[in-house]
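Take a look at the letters that make up each chain.
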Amino acid sequence: PAPSGSTPHTPVAVSLPPGARALDKLSVDEVQCLLHGLKLMQYCDVFKENSVDGSTLALVESAEELTELKIIALHAKRLLKTIQDLKATGVPPELL
């Protein structure tokens, strides 16, 4: 039993909008589709060569990590913001 005054830790299930996919569940091919949907298809080859899937994208915490993949700084900042948003809302089907 949990000590008095505390609650046991239970994971919180994130509720995604209908049809949305959790970012960390995307395959490498789905990440390719996502890049196309975001008009960042020029980075598809480098993402595929590095086997970047959704779980890898979900770990990205800075634009600098993306620039290591030769993504230009402004695109890296935009992609980072998108990653943060998609972690919270899920990936809508129209981007896949």
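Anything mentioned here points back to the structure above.
A brief look at the structure comes next.

Basis of the calculations
- What you see as residue numbers is a count from 1 along each chain, following the sequence as written.
- Two thresholds apply to this predicted model, a pLDDT of at least 70 for residue-level local features and 80 or more for giving and counting side-chain atom pairs, whereas whole-chain, interface and lining totals are computed over all residues.
- Hydrogens and water are ignored here; the side-chain numbers use all heavy atoms of the structure.
- Think of it this way: any DSSP run of H or I at least four residues long counts as a helix, any run of E at least two long counts as a strand, and we number them from the N terminus.
- Burial classes follow relative accessibility: with a 1.4 Å probe on protein chains only, a residue under 20% of its type's maximum area counts as buried, one over 50% as exposed, and anything between as partly exposed.
- Accessible areas in this description were obtained via Shrake-Rupley with a 1.4 Å probe; residue shielding takes into account the shown protein chains only.
- Only buried residues count toward a nonpolar core. Its members are Ala, Val, Leu, Ile, Met, Phe, Trp, Tyr and Cys residues joined through side-chain atoms within 4.5 Å.
- The contact definition used throughout considers only heavy atoms, calling two residues in contact when any of these lie within 4.5 Å.
- For this quantity, the arc is that covered by the directions from the helix axis to the C-beta atoms.
- The working definition used for a salt bridge is a side-chain nitrogen of Lys or Arg within 4 Å of a carboxyl oxygen of Asp or Glu.

We now examine the overall build of the protein chain. Helix and strand content of the protein chain: five helices and zero strands. Counting helices and strands in the order they occur from the N terminus, the protein chain gives α-α-α-α-α. Put simply, the protein chain has 96 residues, and 33% of those count as buried. Carbon and sulfur atoms form 58% of the exposed surface of the protein chain, whose accessible area is close to 6300 Å².

So, about the nonpolar core. Judged by nonpolar contacts, the single largest core of 26 residues is most densely connected at L23, L34, F47, L57, L66, I71 and L79. Elements with a contribution of two residues or more to this core: α1 (28-37), α2 (44-49), α3 (54-59), α4 (63-67) and α5 (73-89). Looking at this core, the element that brings in the most residues is α5, giving five residues. Beyond its immediate chain neighbours, meaning those up to four positions away, L23 contacts L34, G54, S55, L57, A58, I83, L86, K87 and V91.

In this fold, E61 is placed in the loop between α3 and α4. Along the backbone, E61 and K81 are 20 residues apart, and their C-alpha atoms lie at a distance of 9.8 Å.

Attention shifts here to α1. Counting along an α-helix, one turn takes 3.6 residues, and residues three or four places apart therefore face a common direction. Regarding α1, the residues found buried are V31, Q32, L34 and L35. One side of α1 carries all its buried residues, which in axial view fall inside an arc of 160°. Where α1 is buried, its residues touch α2, α3 and α5. Following α1 by one or two positions, K39 adopts a phi angle in the positive range, close to 60°.

Taken as a whole and judged by the stated rule, the model has three salt bridges. With a closest N to O distance of 2.4 Å, R21 and E30 form a salt bridge. With relative accessibility at 30%, the residue R21 sits in the partly exposed group. The partly exposed category is assigned to E30, whose relative accessible area is 21%. Among the ionic pairs, K81 bridges to D85, the shortest N-O distance being 2.8 Å. Taken together, the positions of K81 and D85, both in helix α5 and four residues apart, correspond to about one turn of that helix. Classification of D85 by relative accessible area gives partly exposed; the value is 34%.

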